[in-house]
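Spelled out from the first residue to the last, the chains are:
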Amino acid sequence: MPQIEWNALWEWGKNLLGLLAAAGIVIDLTPHIKIQPVRALIGWLGKQLNRDMQEKLDKLAKDFESHKVDSWRSEILEFANSCMNRRKHTKEEFDHIISVHDDYAEYVKTNKIENGQVDLAYEYIEKLYQRCLEKNSFLVVRPDDEDGEE
């Protein structure tokens, strides 16, 4: 049975690895060659080392997205509720809630989720907005109407 020379095998492996690294660097730096083995290897290694962090970032992004959508939904529903309780709003407040609804509607469409309550509340807001436009009955705040500062 032949004896394996581990030191010679180790040296041969190191030399081969060095040769592959040098060839990879040359290939990476050559502009005419489209493959980039060293960059691909470094990228793969980086992804493996940062996998836990990436999972945490993905979860955080998902939580943030969920919070943002809930915030839009709440703002629209609260505005509709205050209108139903006969609170008057300025045109700017209506314009803001319309903008919020546009963002919300785009998100719902893109992510294919349902929003039944918001649809009904927004229909009410649209009708009230139209009525306020026709009658010019938006809340108007004038500097002399504000309390407290004299």
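Up top is the structure.
Quick caveat: nothing in here was measured; it's all calculated off a predicted structure.

1. Quick notes on the overall build of the protein
Along the backbone of the protein there are five helices and zero strands. Ordered by position in the sequence, the α and β elements of the protein form the string α-α-α-α-α. For 150 residues, the compact-globule estimate of 2.2 N^0.38 gives 15 Å, and the protein exceeds it by more than 25% at 32 Å. Each principal axis of the C-alpha atoms in the protein carries an extent, and together these give about 100 × 35 × 35 Å. Relative to its 150 residues, the protein shows a buried fraction of 18%. Across the protein, every contact between residues at least 6 apart in sequence was considered, and the portion connecting residues at least 24 apart equals 57%. For the protein, the computed accessible surface area is about 12600 Å², with 58% contributed by carbon and sulfur atoms. Of the charged side chains in the protein, 20 are positive and 28 negative; the average position of the first set lies 6 Å away from that of the second.

2. A look at the nonpolar core
If you look at the biggest cluster of nonpolar residues, it comprises 20 residues, and the most contacted ones within it are Trp72, Ile76, Phe79, Phe94, Tyr104 and Ile125. Within the residue set of this core, elements represented by two or more residues are α3 (51–84), α4 (91–111) and α5 (116–135). It is α5 that contributes the most residues to this core, seven residues altogether.

3. Digging into α5
Residues that lie three or four places apart on an α-helix share one face, since the helix turns once every 3.6 residues. In this model α5 runs 29 Å from its N-terminal to its C-terminal C-alpha over 20 residues, within 8% of the 28 Å that 1.5 Å per residue would give. Those residues of α5 not exposed but buried are Val118, Ala121, Tyr122, Ile125, Leu128, Tyr129 and Cys132. Here the buried residues of α5 occupy an arc of 125° about the axis, which is enough to place them on one side. In α5, the exposed positions angled more than 90 degrees off the buried face are occupied by Leu120, Lys127, Glu134 and Lys135. Where α5 is buried, its residues touch α3 and α4. Just downstream of α5, Asn136 is the residue with a positive phi angle, here 50°.

4. What about the pattern of salt bridges?
All told, the structure shown has six salt bridges when counted by the stated rule. A salt bridge links Glu65 to Lys68; the shortest N-O distance between them is 3.4 Å. Linking Glu65 with Lys68, this pair stays in helix α3, spanning three residues, or about one helical turn. When its relative accessible area of 26% is taken as the criterion, Glu65 is described as partly exposed. A salt bridge links Lys91 to Asp95, with the shortest nitrogen-to-oxygen separation between them at 3.2 Å. Here the residue Lys91 and the residue Asp95 both occupy positions in helix α4, the gap between them amounting to four residues, near one helical turn. The exposure class assigned to Lys91 is partly exposed, which follows from its relative accessible area of 33%.

5. Remarks on the packing of helix α1 (residues 6–29) against helix α2 (residues 37–49)
At a minimum axis distance of 7 Å, the contact between α1 and α2 shows a crossing angle of 105°. In this view, α1 runs roughly perpendicular relative to α2, as classed from their interaxial angle. For the pair α1 and α2, the contacting residues are Ala21, Gly24, Ile25, Ile27, Asp28 and Leu29 in the first and Pro37, Val38 and Arg39 in the second. In the contact of α1 with α2, the residues fall into six nonpolar, one polar and two charged.

Parameters at a glance
- Residues numbered from 1 in each chain as written.
- Predicted model: local features only at pLDDT ≥ 70, side-chain atom pairs only at ≥ 80, totals over all residues.
- Heavy atoms only, no water.
- Helix = DSSP H or I, 4+ residues; strand = E, 2+ residues; numbered from the N terminus.
- Rg over C-alpha atoms; globule rule 2.2 N^0.38 Å.
- Buried < 20%, exposed > 50% of the residue type's maximum accessible area, 1.4 Å probe, protein only.
- Contact = heavy atoms within 4.5 Å.
- Areas by Shrake-Rupley, 256 points an atom, 1.4 Å probe, with all protein chains shown as cover.
- Lys, Arg positive; Asp, Glu negative; His and termini not counted.
- Charge placed at Lys NZ, Arg CZ, Asp CG, Glu CD.
- Core = buried A, V, L, I, M, F, W, Y, C linked by side-chain atoms within 4.5 Å.
- Expected span 1.5 Å × (residues − 1).
- Arc of directions from axis to C-beta.
- Salt bridge = Lys/Arg side-chain N within 4 Å of Asp/Glu carboxyl O.
- Axes fitted to C-alpha atoms, helices over the stretch in contact; angles between N-to-C directions.
- Parallel < 35°, antiparallel > 145°, perpendicular 65-115°, else oblique.
- Nonpolar A, V, L, I, M, F, W, Y, C, P; charged D, E, K, R; others polar.

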